[in-house]
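# Understanding the architecture of this molecule
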Amino acid sequence: MGNYQLVNVAVGKPEVMQYADNQEMSTAIKKQSREQVVLKIDGFEGDGVADLKHHGGVERAVCFYADERYDYWNKTYKDSLDTAAFGENLTVKGMLEDEVCIGDIYQIGEAVVTITQGRVPCNTIDRRTGCKGLFKQMIETGYTGYFAKVIEEGMITPDSSIELKDKGTHGISVLQANRLFFQQEKDQNQIELLLQEEALADKWRTHFERLVAKLDR
């Protein structure tokens with residue numbers, strides 16, 4: 001069992017954010033820390049998304065990001081990023097993308113969640129942080145964070161414990177899944193194992209099913 005730690009809990013509704021040259025956009029990426037929040041099937045109370053087409057949904061109810069990655073990005077960009085700078089709900093330690101697997105089940109406080117997919121970054125991250133090209137580097141490295149769906153609702157606080165309840169069936173890490181998804185690595189065996197993970201998000205399942213069909217031709 002890993003040594004997991006919850007560093008921060010954050011939520012936020014869509015609001016107008018200004019970025020370079022006084023441009024504006026509606027986004028919920030600027031989340032605020034909370035002392036306690038109830039996690040429901042469709043996400044945290046007080047949380048939301050601006051772009052319903054590309055964000056949100058029960059399979060992406062919770063966004064995680066590893067606290068250790070902040071050191072990497074701060075060194076890369078010679079910056080000091082704010083907590084929850086990537087718009088994550090839960091900032092965690094001991095849960096890097098190469099350690100957490102699709103289908104892993106965690107209890108966090110009163111709630112229970114299962115990992116469904118890697119996070120798909122977009123240029124809103126660049127606008128939020130002021131770090132040009134950051135979202136592309138997140139994709140290249142696979143340090144994207146990841147999403148989970150809720151199995152059991154409940155209260156989460158910053159001092160809530162995290163317990164790994166069960167591992168994904170085939171142990172395909174988020175980092176491996178990211179490489180298959182973003183870098184289009186044509187490892188048919190790994191893709192087929194990933195497709196056997198019941199928790200895999202539908203959009204990712206459709207993507208990999210199409211990829212396998214092409215590989216079988």
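Everything below is about the structure printed above this text.
Before going into details, it helps to say that this report is about the structure given with it. Nothing here was measured: the structure is a model prediction, and the numbers come from that model. (Residues numbered from 1 in each chain as written. Predicted model: local features only at pLDDT ≥ 70, side-chain atom pairs only at ≥ 80, totals over all residues. Heavy atoms only, no water.)

Before going further, it helps to examine the overall build of the protein. Each helix and strand counted, the protein has six helices and 13 strands in total. When the backbone C-alpha atoms are referred to their principal axes, the protein occupies close to 50 × 40 × 30 Å. Buried residues in the protein amount to 50% of all 217 residues. Restricting the contact set of the protein to residue pairs at least 6 apart, pairs at least 24 apart contribute 72%. Entry remark: accessible area of the protein is about 10700 Å², with carbon and sulfur atoms responsible for 43%. Side chains of the protein carry 26 positive and 35 negative charges; the gap between the two charge centres is 6 Å. (Helix = DSSP H or I, 4+ residues; strand = E, 2+ residues; numbered from the N terminus. Buried < 20%, exposed > 50% of the residue type's maximum accessible area, 1.4 Å probe, protein only. Contact = heavy atoms within 4.5 Å. Areas by Shrake-Rupley, 256 points an atom, 1.4 Å probe, with all protein chains shown as cover. Lys, Arg positive; Asp, Glu negative; His and termini not counted. Charge placed at Lys NZ, Arg CZ, Asp CG, Glu CD.)

Contact pair helix α4 (residues 174-182) / helix α5 (residues 188-195): the axes reach a minimum separation of 11 Å and the direction vectors enclose 115 degrees. For the element pair α4 and α5, the recorded crossing hand is left-handed. Here Gln-176, Ala-177 and Leu-180 of α4 come into contact with α5, specifically with Gln-190, Ile-191 and Leu-194. For the contact of α4 with α5, a count of residues per class yields four nonpolar, two polar and no charged. (Axes fitted to C-alpha atoms, helices over the stretch in contact; angles between N-to-C directions. Left-handed = near helix turned anticlockwise from the far one by under 90°. Nonpolar A, V, L, I, M, F, W, Y, C, P; charged D, E, K, R; others polar.)

With antiparallel pairing, three strands are arranged side by side in an open sheet as β6-β5-β12. If you trace the sheet from one side to the other, it starts and ends with β6 (43-44) and β12 (154-156), each paired once. Sheet analysis places strand β5 (residues 37-40) next to β6, joined by two bridges and oriented antiparallel. Each bridged residue has a counterpart across the sheet, and for Leu-39 the counterpart in β6 is Phe-44. (Pairing = 2+ DSSP bridges.)

Those residues of helix α1 (residues 68-77) not exposed but buried are Arg-69, Tyr-70, Trp-73 and Asn-74. Projected onto a plane normal to the axis of α1, the buried residues spread over an arc of 135 degrees and lie on a single side. Opposite the buried face of α1, at more than 90 degrees from it, the exposed residues are Asp-71 and Lys-75. On its buried face, α1 is in contact with β7 (62-66), β8 (90-93) and α3 (134-141). Positioned one or two residues after α1, Lys-78 has a phi angle of 50 degrees, which is positive. (Arc of directions from axis to C-beta.)

This brings us to the pattern of salt bridges. Here the structure, examined in full by the defined rule, presents seven salt bridges. Put simply, Arg-69 and Glu-97 hold a salt bridge, and the shortest N to O gap is 2.8 Å. Taken together, the residues Arg-69 in helix α1 and Glu-97 in the loop between β8 and β9 (105-108) connect sequence positions 28 residues apart. Note on Glu-97: relative accessible area 0%, which makes it buried. Put simply, Arg-128 and Asp-82 hold a salt bridge, and the shortest N to O gap is 4.0 Å. (Salt bridge = Lys/Arg side-chain N within 4 Å of Asp/Glu carboxyl O.)

Pairing in this open sheet of eight strands is mixed, and the strands run β4-β1-β8-β7-β11-β10-β9-β13 from one edge to the other. Each edge of the sheet is formed by a strand with only one pairing partner; in this case those strands are β4 (32-33) and β13 (162-166). Strand direction decides the pairing type here: strand β10 (residues 111-118) and strand β11 (residues 146-152), joined by six bridges, are antiparallel. When the bridges of β11 are listed, Gly-118 appears paired with Tyr-146.

Here we come to the nonpolar core. Within the largest apolar cluster, 56 residues are counted, with the highest numbers of intra-cluster contacts made by Val-62, Phe-64, Leu-90, Tyr-106 and Phe-208. Here the element with the most residues in this core is α4; it accounts for five residues. Beyond its immediate chain neighbours, meaning those up to four positions away, Phe-208 contacts Ala-177, Leu-180, Phe-181, Ile-191, Leu-194, Leu-195 and Leu-200. (Core = buried A, V, L, I, M, F, W, Y, C linked by side-chain atoms within 4.5 Å.)

Purely geometric numbers; function is a separate question.
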